[in-house]
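Here is how the chains run, residue by residue.
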Amino acid sequence: MHIESMAGDSETHPNEQVENDDVIREPFLIGVSGGTASGKSSVCGKIMELLGQNKIDHHQRQVVILSQDSFYKELTSEQKAKALKGQFNFDHPDAFDNELVLKTLWQIIKGETVQIPVYDFVTHSRKDEFVTVYPADVVLFEGILMFYSQEIRDLFQMKLFVDTDADTRLSRRVLRDIGERARDLEQVLTQYITFVKPAFEEFCLPTKKYADVIIPRGADNQVAINLIVQHIQDILNGGLTKRHNGCMNGHNTPARQRLTSESSSRPH
């Protein structure tokens, strides 16, 4: 399979035909949403793995992943004190710097190199460092509230919602927060009951209706992952060279599509 050079790459490649130097191919933006620990990062990681992009140097990658978690707002001293006690709501839309998300997305659309903040979940603050993301053909942007803001939501040509059982998500979150974020069990459960679950039901779950593709069971749904990977491969191979909001491969797509590994579309 031939894969074109990365958008924004300044090198000249043999057999590369440029029809119009003034035409810049805009990246294809894919939003990935779902509840806490639903498997959004795992889905994105599996897509990268199947495309072979995780083995490619960051400068040359055609597909990149961004996370909404990188865009938490800087907390005040009072907010940080609450956060350290597990009393700050990180699942509320106001916890995210949506202006910076929007600015970053527009920079990406223009083919610019962007600097992504690095957030420390132990200290609840941004580190004094950034991750550099270079221009790419496809951008996966994952987060619990990626579809909450219409201004941000409308920039995605494809929207995926990872739909995972609540008990599974809770168990994953407990293990993650204790193992990776230095929380104790009581704090994790209290925060989940007080903030995470209510916020999911109020802010995240209602945005499921905006999804083009719903992925039950997350990264375990191999059928769904393979179909998405195939579509991205079509994009990388030049099958979709211009932005077509609401279209895939030049054809109108249904407002919602449920991908399951069963042969019949049964409710889950």
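What counts as what
- Residues numbered from 1 in each chain as written.
- Predicted model: local features only at pLDDT ≥ 70, side-chain atom pairs only at ≥ 80, totals over all residues.
- Heavy atoms only, no water.
- Patch = residues over 30% accessible without salt bridge, like charges linked within 9 Å, V, L, I, M, F, W, Y side chains within 5 Å.
- Areas by Shrake-Rupley, 256 points an atom, 1.4 Å probe, with all protein chains shown as cover.
- Salt bridge = Lys/Arg side-chain N within 4 Å of Asp/Glu carboxyl O.
- Helix = DSSP H or I, 4+ residues; strand = E, 2+ residues; numbered from the N terminus.
- Buried < 20%, exposed > 50% of the residue type's maximum accessible area, 1.4 Å probe, protein only.
- pLDDT = per-residue confidence, 0-100.
- Contact = heavy atoms within 4.5 Å.
- Phe/Tyr/Trp six-rings, centres within 6.5 Å; stacked < 30°, edge-to-face > 60°.
- Axes fitted to C-alpha atoms, helices over the stretch in contact; angles between N-to-C directions.
- Parallel < 35°, antiparallel > 145°, perpendicular 65-115°, else oblique.
- Left-handed = near helix turned anticlockwise from the far one by under 90°.
- Core = buried A, V, L, I, M, F, W, Y, C linked by side-chain atoms within 4.5 Å.

A. Structural detail: a nonpolar patch on the surface. A surface patch of nonpolar side chains, amounting to about 230 Å² of accessible area, comprises Ile 178, Leu 185 and Leu 189. The topology assignment puts Ile 178 in helix α5 (residues 166-180). Judged by relative accessible area, Ile 178 falls into the partly exposed class, the value being 37%.

B. Structural context of the confidence of the model for the protein. Per-residue pLDDT for the protein has a mean of 83; in total, 80% of the residues score no lower than 70. pLDDT under 50 marks residues 1-23. Its contacts with residues more than four places away, or in other chains, come to 29 contacts. The model gives residues 240-268 a pLDDT under 50, and that stretch makes 55 contacts with residues more than four places away or in other chains.

C. The arrangement of the packing of aromatic side chains in detail. In total, this model carries 9 aromatic pairs according to the counting rule given. Between Phe 71 and Phe 141, the ring centres sit 5.7 Å apart and the planes meet at 40°, which makes this aromatic pair tilted. Here Phe 71 is found in the loop between β2 (63-67) and α2 (77-84), whereas its partner Phe 141 is found in strand β5 (residues 138-142), with 70 residues between them in sequence. Ring plane angle 20° and centroid distance 4.5 Å describe the contact between Tyr 72 and Phe 96, whose orientation is recorded as stacked. Of this pair, Tyr 72 sits in the loop between β2 and α2 while Phe 96 is found in the loop between α2 and α3 (98-109), placing the two residues 24 residues apart along the sequence. Neither Tyr 72 nor Phe 96 differs from the other in exposure class; each is buried.

D. Structural detail: the environment of Glu 99. Among the secondary structure elements, Glu 99 is positioned in helix α3. Note on Glu 99: relative accessible area 70%, which makes it exposed. Sequence spacing of Glu 99 and Phe 71 is 28 residues, and the spatial spacing of their C-alpha atoms is 9.5 Å.

E. Highlighting the pattern of salt bridges. Within the structure shown, the criterion is met by 7 salt bridges. One salt bridge in this structure joins Arg 173 and Asp 177, with 3.5 Å as the shortest N-O distance. Of this pair, Arg 173 and Asp 177 both sit in helix α5, 4 residues apart, which is roughly one turn of that helix. One exposure class covers both Arg 173 and Asp 177, and it is buried. The shortest N-O distance in the salt bridge between Arg 181 and Asp 177 comes to 3.9 Å. The buried category is assigned to Arg 181, whose relative accessible area is 13%. Overlapping salt bridges bring together Arg 173, Arg 176, Asp 177 and Arg 181 as one network.

F. Representation of the packing of helix α1 (residues 40-51) against helix α7 (residues 222-236) within the structure. The contact between α1 and α7 brings their axes to 10 Å, and the two run at 55°. Classified by the angle their axes make, α1 and α7 are oblique. Of the two elements, α1 crosses α7, and the hand of that crossing is right-handed. Of the residues in α7, those touching α1 at Val 43, Lys 46, Ile 47, Leu 50 and Leu 51 are Gln 222, Ile 225, Asn 226, Ile 228, Val 229, Ile 232 and Gln 233.

G. Just the nonpolar core, in detail. Judged by nonpolar contacts, the single largest core of 23 residues is most densely connected at Ile 30, Ile 47, Val 63, Val 138, Leu 160 and Ile 232. Only β1 (28-34), α1, β5, β6 (158-163), β7 (213-216) and α7 provide two or more residues apiece to this core. Of the residues forming this core, the biggest block, 7 residues, is contributed by α7. Leave out the neighbours within four places in its chain, and Leu 160 touches Ile 30, Gly 31, Val 32, Ser 33, Phe 147, Ala 211, Val 213, Ile 215 and Ile 228. In terms of nonpolar packing, the next biggest core, distinct from the first, is built from 20 residues, Val 64, Phe 141, Met 146 and Phe 147 among them.

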